[in-house]
Amino acid sequence: MKLDAATLKTKCKHYRISNEEYQKICQLLKREPLDIEWPLFSALWSEHCSYKSSKIHLRKFGKTMNATVVNASGENAGIIDLGQGERIAFKMESHNHPSFIEPFQGAATGVGGILRDIFTMGARPIALANYLCFGEVKAPRMKYLMDGVVHGISSYGNCVGVPTVTGQTNFDPSYSQNILVNALAVGLLRPGEKIALSQAQGVGNWVVYVGAKTGKDGVHGAAMASEAFDENSEAKKPNVQIGDPYFEKLLIESCLEAIQQGLVVSIQDMGAAGLTSSSFEMASKGQMGMDLHLDQVPLRDSSMTPEEILLSESQERMLMICEPSKLEAVEKLFSKWGLDACVVGKLKKQRTVSLFWNKELLTEIDPDLLVENAPVYERPFSAWASPRRVSSLPDLKFSAAKVKIELMQVLSNEIAGSRRPIYRQYDQRVGAMTAHGAESDVAIQRLPDSGRGFALAVGCRPFLMQVDAQIGAYDSVFYPALQMAIKGVRALAVTDCLNYGNPERPEIMSEFVASVDAITEASILLKAPVISGNVSFYNETMGSNITSTPATGVVGLRDHVDGLAADRFGKEGLKVLVLRLKGLELSGFGQKPQFKGEYNPQKVTELIALLRKAAMEIPPQASQVVGLGGLALALAKMSLDGIGCQAHQDLSISSWMKNILYQIVWVTDQAEAFEKFFQNSILAADVEILDLAITKKSVLDLGSELQFSLPELQKLSSEALQSYFQGVST
Amino acid sequence: MKKIGVLRFSGTNCDRDVFSWIQLKGFHPEYLWHLDQFAINDYEALILPGGFSFGDYLRSGALAARSPVMKSVKEFSKQGGPVLGICNGFQILCEAELLPGALVKNEGRRFIDDWVDLQCVGVSSRFASQVKGSIRLPIAHGDGRYYLPEKDLQALWDSGQVWFQYRNENPNGSVQGIAGVLSKNKNIAGLMPHPERAIADWMGGTDGWSFL
Amino acid sequence: MSNKIKVGVKVMPREVILDTQGRAIEQALKLNQMPVGQCRVGKFIELEFQDSQEQALKQAEEIAKKMLCNPLIETYEIKVL
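Predicted, not measured: the structure shown is a model, and the values here were computed from it. (Residues numbered from 1 in each chain as written. Chains lettered and ligands numbered in written order. Predicted model: local features only at pLDDT ≥ 70, side-chain atom pairs only at ≥ 80, totals over all residues.)

Visitor: Sorry if this is basic, but what is going on with the overall build of chain C here?
Guide: Secondary structure summary: chain C contains two helices and three strands in total. When its helices and strands are written in sequence order, chain C yields β-α-β-α-β. Relative to a compact globule of 81 residues, whose C-alpha radius of gyration would be 12 Å, chain C shows 16 Å and is clearly more extended. Taking the principal axes of its C-alpha atoms as reference, chain C extends roughly 55 × 25 × 15 Å. Among the 81 residues that make up chain C, the fraction classed as buried is 21%. Put simply, 68% of the contacts in chain C that link residues at least 6 apart link residues at least 24 apart. (Helix = DSSP H or I, 4+ residues; strand = E, 2+ residues; numbered from the N terminus. Rg over C-alpha atoms; globule rule 2.2 N^0.38 Å. Buried ≥ 20, exposed ≤ 12 C-beta atoms within 10 Å, placed from the backbone. Contact = placed C-beta atoms within 7 Å.)

Given below as structure tokens:
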């Protein structure tokens, strides 16, 4: 039945299918799509599911693979082999838009979703992390969003019993209308434990639905956040997805048990585009067909139509393939945990997915058309030209008094204030594996079988991305790797969550491509493959785009968990050394974003290797990578436990404030050994080491009138964020 | 050799941590599923671990306290068997009226994960009997505020049923900073902090080791 | 002449929204051999006013809309107590 132009336009708009995409669909089907097929294409050809604007660039991550990679199939979590039978699965994902609409549930369901990507592989979740970007605290709704997001992450993560061990919270005006909420999860496969895959296998095997009943969650999409709601717009309100961490906990235990007992052929979580994506993807990957009886799907709302069932984003549901002989055991197992497990279909050889409603065939469609044949776009971009490089940076003509005021200012606000009011809401120790939690930049857990230290850190500094997208992207991998190195940890693998604005704008796409290239290069140099990831495009509101933000999650390994260097001064009379890598200087925080010099990824890689070696051979009492805000701020933060330092070198004001990539603070009683180590190294000509100060109780004296009262700094820092996370919302 | 039973309710999270701890100490742990009864003579002690049984829905510990297994737990404790409730386990024991009082929402209305200083002010018949004076343990709870009516507090002290108090800082508004209590016969014990998370230097402390 | 008047605001999850508490209690009741059809959990807020009934109900309506109820996921009912 041919559609008239007006109806076609409306339908395309409703299902978010472009005209060209519609033509392509007609071409592939060799006819016009049936009513029931519109939602299938709408879901599977969406940017979120198909990666149509990013796919050709993401393929570059394939170059970073090495022998440690067990699985990097793109959609689910990647798995790397740590040796000794221990394997780690991990992935990062965004939940930006839902969190802007309903922050508590948006963030909570983000955590739930990423966890499912982990345990669907058979890995027990052992850690959660998050990467958050908020706007100006004074922006409309921002306080409500901040409190809601943290509360949501806390409520879900704590209840499901997985520790939230690290994270990063950034603030920048560019996120005021598009906050970023990225969630990361890590799972552990212990020696001998089975990995579960997601390809449908075995003609005649049952397709089994497990978990929560299906309701209208997420159906009809999300309305624009700026739309006001009144009691007459019931129909327009998005059906907010509600997460239930208790239910998820039951799902984790039952699925892991089923997988380890060999009752499951393959399994996939129902995430974005729910039943549609899981069924079609499993069939396509396994090169099989499937008969799916939508009327067999357990429903919370019996009025649901086939389309609604296909599009529902109800949480905490999985799709499994199991052999007929194992079905009874499967049902019994899930019933023990109080969950529904019911047959909704069957696998067949013929490569079509046939959708039935009360035995009536609604449609029969080749899954490859939806999965493999999704559009691939080559959005225009230009080669990266570092538009904000300058030959010289303006002199930082500050008085000591101004520096002091600035420093105390950022320490007392959201820029550099303590994040403790946030992470104090997260259970960091459930699982009894945590050695360093969220109070440190790098989280470290002790692997139960080998006793080795597993490390996790997130990366990407928005200010650096504003200075230069390529440098910012290098830094998003190298900075966490540096933070790990100074604790004796070797970075092993990377996951990413690429948050960008509108990819149809060449300037944004150029930043995207430059970022992917930089991350690829960094990953190859570090021998840390990018094994999984996620892309979030269209973080744009009324023409205003976010800062391009390639958030990363880096995992690493340490021989053991003893003798970990602290993040703060902890003992008097030790030398405070500063190691500087020459070559790149940025403008100061709060100034016009610019940079001078070159970012040399090769040298940064060498620095990382050397620092890691030094951290194990000449262990420091404390070590830190100097962040944005310069050396003075870094030392101030290291003094917050009550032991500060007394400088015996009179540095210029600008030296205390300069943003240099990179500077490391190293606190030790073996200064000569450390200096010699670098003098004899390959970087001898590229680094300089300053013997800056001596640690001293209750004193922070950086010379030239830069003296601080530690109790005052402690108070400013600890109170900075307190008022924002104390339950503004009921 | 008798076993130490580790109760598992729907939603319990810290069961595996407690199980490992028991093994490390050389005892014999066994999981007890909340829907089944157990032979009380087979066990030398029971531990109700922390977590979010039934999601903490309705009231923390309320639904778990009405699980079938609690029949055996009550019988076991009636016969003098030692029972330890940690965090959610403490909440369940209070809801089951095996311990006095109730645990309600933290005063600050938010979950707290932190290390706290505790003072040992009572003696249980079986748990932490070597612990004296002040110790440091981690807490992680949203509903840790201990409540007992004013009129019953003195009696609680008089019968030596106050087990631990928060020192220096009361993190959740518990009445008189009470962090743990004992039953009249001292065989049932409950506390909000997690001893199983402080049994190694790399964890940040070892004061929890001697609780078993 | 105004006197003390109590108004009750019942906040329930929207019918279409998943009620996680209700579901858990339903399950627990079933395990305890006390099965129910459906269980839904909401909040009941008591507001005290010093005003006429008409004014009190008007204010309660405003308070419910602005603060007590999140219209995305909840509905509310008001009645004089």
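Visitor: Before we go on, may I ask you to explain the overall build of chain B in this structure?
Guide: Broken down by element type, chain B carries four helices and eleven strands. Taking 212 residues into account, the globule formula puts the C-alpha radius of gyration at 17 Å, and chain B, at 15 Å, falls close to it. Counting the 212 residues in chain B, one finds 58% classified as buried.

Visitor: For this particular structure, what's the right way to read the sheet that holds strand β13 (residues 360–365) of chain A?
Guide: Residue and element names in this part refer to chain A. Strand order across the open sheet formed by seven strands is β8-β10-β7-β11-β9-β12-β13, with mixed pairing between neighbours. Sheet topology places β8 (266–269) and β13 at the edges, where each strand pairs with a single neighbour. When the angles between neighbouring strand axes are averaged without regard to direction, this sheet yields 25°. Both strand β9 (residues 289–293) and strand β12 (residues 353–357) contribute to a ladder of four bridges, which runs parallel. Of the residues in β12, the one forming a bridge with L292 is L355. Contacting β8, β9, β10 (317–322) and β12, helix α10 (residues 274–286) runs over the sheet at an angle of about 145° to β8. (Pairing = 2+ DSSP bridges. Axes fitted to C-alpha atoms, helices over the stretch in contact; angles between N-to-C directions.)

Visitor: Before we go on, may I ask you to explain the interface of chain C and chain B in this structure?
Guide: Bring the parts together and some accessible area is lost; that lost area is often taken as the interface size. Listed by partner, the interface residues are six residues for chain C and six residues for chain B. For the side of chain C that touches chain B, the class distribution of residues is three nonpolar, three polar and no charged. (Nonpolar A, V, L, I, M, F, W, Y, C, P; charged D, E, K, R; others polar.)

Visitor: Where do I start with unusual backbone geometry in this structure?
Guide: Cis geometry marks the peptide bond from L661 of chain A to Y662 of chain A, where omega comes out at 5°. Of note, Y662 of chain A is situated in strand β26 (residues 659–668). Not every positive phi belongs to a glycine, and E97 of chain B is a case in point at roughly 60°. Considering the arrangement of structural elements, one finds E97 of chain B in the loop between α3 (88–95) and β5 (102–104). For R109 of chain B, which is not glycine, the phi dihedral falls at a positive 60°. C-beta crowding within 10 Å serves as the criterion here: with 11 such atoms nearby, R109 of chain B is assigned to the exposed category.

Visitor: Just to check I follow, could you spell out the nonpolar core for this structure?
Guide: For soluble globular proteins, the rule of thumb is that nonpolar side chains tend to be buried together. L44, A455, A481, A632, L635 and V665 of chain A together with I47 of chain B are the most contacted members of the largest nonpolar core, which has 303 residues in total. With residues near it in sequence (within four places) discarded, L44 of chain A still touches C49, S50, A273, T276, S277, F280, L370, V371 and A374 of chain A. Counting residues in each nonpolar core, the second largest holds seven residues, with V9, A56, A64 and C69 of chain C among its members. (Core = buried A, V, L, I, M, F, W, Y, C linked by C-beta atoms within 7 Å.)

Visitor: Even after reading the chapter, I still don't get the sheet that holds strand β1 (residues 69–71) of chain A, so can you show me in this structure?
Guide: Backbone-to-backbone hydrogen bonds pair the strands of a sheet. The strands run either parallel or antiparallel. All names here are of chain A. Taken in spatial order, the six strands make up an open sheet running β1-β2-β3-β6-β4-β5, and their pairing is mixed. Every interior strand has two partners, whereas the edge strands, β1 and β5 (164–171), have only one. The sheet shows a mean angle of 20° between the axes of neighbouring strands, direction not considered. Relative to strand β6 (residues 180–189), strand β4 (residues 124–134) runs antiparallel, the two sharing nine bridges. Within β6, the position partnered with L132 by the bridge is V181. Lying over the sheet, helix α8 (residues 142–160) contacts β4, β5 and β6, oriented at roughly 180° with respect to β4.

Visitor: Help me out: how do you make sense of the interface of chain B and chain A in this one?
Guide: Listed as interface residues are 25 residues of chain B and, on the opposing side, 24 residues of chain A. Of all the secondary structure elements, the ones that give two or more residues to the side of chain B that touches chain A are α1 (15–24), β6 (112–120) and β7 (134–141) of chain B. With three residues, the top contributor of residues to the side of chain B that touches chain A is β6 of chain B. Tallied by class, residues from the side of chain B that touches chain A come to ten nonpolar, seven polar and eight charged.

What is shown is where atoms sit, not what they do.
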